Amino acid sequence: MNGSLANAPAQGFGPQGAPVNPASPAVSATRVSKVYGSGDAAVHALRGVSVGFARGRFTAIMGPSGSGKSTLMHCLAGLDVVGQGSVMIGDVDITRLGDKRLTLLRRERIGFVFQAFNLLPTLTAEQNILLPLELAGRKVDRQWFDHVIDIVGLRQRLSHRPSELSGGQQQRVACARALVSRPEVIFADEPTGNLDSRAGAEVLGFLRASVREMGQTIVMVTHDPVAASYADRVVFLHDGALVSELFQPTPDSVLDQLKRLGA
């Protein structure tokens, strides 16, 4: 990919693949705070965090243990309720949605990849990938499905059940499951945490390819500087606050920043 294309905003997708404005952030938080507990036992997990995540880009969230990175991702994805502030998915303020509308938004506009693969053992790889569409009552776009399968390299494994797949292959199935519904953003929580270095590199390569070749937006929480180096940008949290960011990170530059934060 040449330089001009690499730096151009990628086309993103909204619900059911509808085009969205690439100039607006896919996800943004404005002065988000989150406190667990009360009184002397109160834990300030997030302290007025404001941050945006560009469409068609791969962003990693990092910080020392207890910095608030997982809490931020859970708030961004609508999996946890903010104490103060707002979170936007595209043009929708999810902090104003009721449970039913929030569940629908997560189903239609958000994909998830977790450290645990969360595959159903009785289903084949193909059935696991298509399960979210089936649950949502949506038709399968076979052309898009084939494109996703080729990106993640699962063509020869579609009829296999999870027990017949390696850890890396299972996580690739989870990545394909997140991609097939064409979500506006994918949240990945330590997606290589259960994988060896080779399988982890494969999965990260697939995630990066989904950004560069499919215009996907990915927000990933990780503690691993090597994993973070696959991202276009890394944002760093410390004691619940956003403290710095890196663009075009390398493992060494990420590690240096973590050391400065005492990680």
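Just above sits the structure.
Scope of this entry: the structure provided in the associated data block. This is a predicted model, so every value here is computed, not measured. (Residues numbered from 1 in each chain as written. Predicted model: local features only at pLDDT ≥ 70, side-chain atom pairs only at ≥ 80, totals over all residues. Heavy atoms only, no water.)

## Observations regarding the pattern of salt bridges
We count it as follows: We define a salt bridge as a side-chain nitrogen of Lys or Arg found within 4 Å of a carboxyl oxygen belonging to Asp or Glu. Put simply, DSSP marks the helices as runs of H or I at least four residues long and the strands as runs of E at least two long, and each gets a number from the N terminus on.
What the rule picks out here adds up to eleven salt bridges. A salt bridge links Arg109 to Asp91; the nearest nitrogen and oxygen atoms lie 3.9 Å apart. With Arg109 in helix α3 (residues 99-109) and Asp91 in the loop between β6 (84-89) and β7 (92-93), the pair connects residues that are 18 residues apart, well separated along the chain. Between Arg233 and Glu245 there is a salt bridge; the shortest N-O distance is 2.9 Å.

## Description of the nonpolar core
Nonpolar side chains tend to gather and get buried jointly when the protein is soluble and globular. Just so we agree on the cut-off: Residues belong to a common nonpolar core when they are buried Ala, Val, Leu, Ile, Met, Phe, Trp, Tyr or Cys residues joined through side-chain atoms within 4.5 Å. Relative accessibility decides the category of a residue: with a 1.4 Å probe and only protein chains considered, values under 20% of the type maximum give buried, values over 50% give exposed, and everything between is partly exposed.
Counting 48 residues, the largest nonpolar core has Phe58, Ile129 and Met220 as its most contacted members. For this core, the element with the most residues is helix α7 (residues 197-214), which contributes eight residues.

## Quick look at unusual backbone geometry
Excluding glycine, residues mostly carry a negative phi; peptide bonds, for their part, are mostly trans. For Glu190, which is not glycine, the phi dihedral falls at a positive 50°. Even without being a glycine, Gln248 presents a positive backbone phi close to 50°. Along the chain, Gln248 falls in the loop between β12 (241-247) and α9 (251-260). With a relative accessible area of 57%, Gln248 lands in the exposed category.

## Section: helix α2 (residues 69-76)
Among the eight residues in α2, six count as buried, and that is most of the element. Those residues of α2 lying buried are Lys69, Thr71, Leu72, Met73, Cys75 and Leu76. Gly78 lies just past α2 and shows a positive phi near 75°.

## Considerations on the sheet that holds strand β11 (residues 233-238)
This is how it is decided: Two strands make a pair as long as DSSP finds a minimum of two bridges between them. Between N-to-C directions, angles span 0 to 180 degrees; the directions come from axes that are lines fitted to C-alpha atoms, helices contributing only their stretch in contact.
Sheet architecture is open: six strands sit in the order β8-β9-β10-β5-β11-β12, paired in mixed fashion. Among the strands making up the open sheet, the edge pair consists of β8 (110-114) and β12. Averaged over all neighbouring strand pairs, the angle between strand axes comes to 20°, with direction disregarded. Examined bridge by bridge, β8 and strand β9 (residues 185-189) share five bridges and lie parallel to one another.

## Regarding the environment of Ser24
Along the chain, Ser24 falls in the loop between β2 (19-20) and β3 (27-36). Residue classification places Ser24 among the partly exposed positions, given a relative accessible area of 25%. Considered as a pair, Ser24 and Gly52 are 28 residues apart in the sequence and their alpha carbons are 9.2 Å apart.

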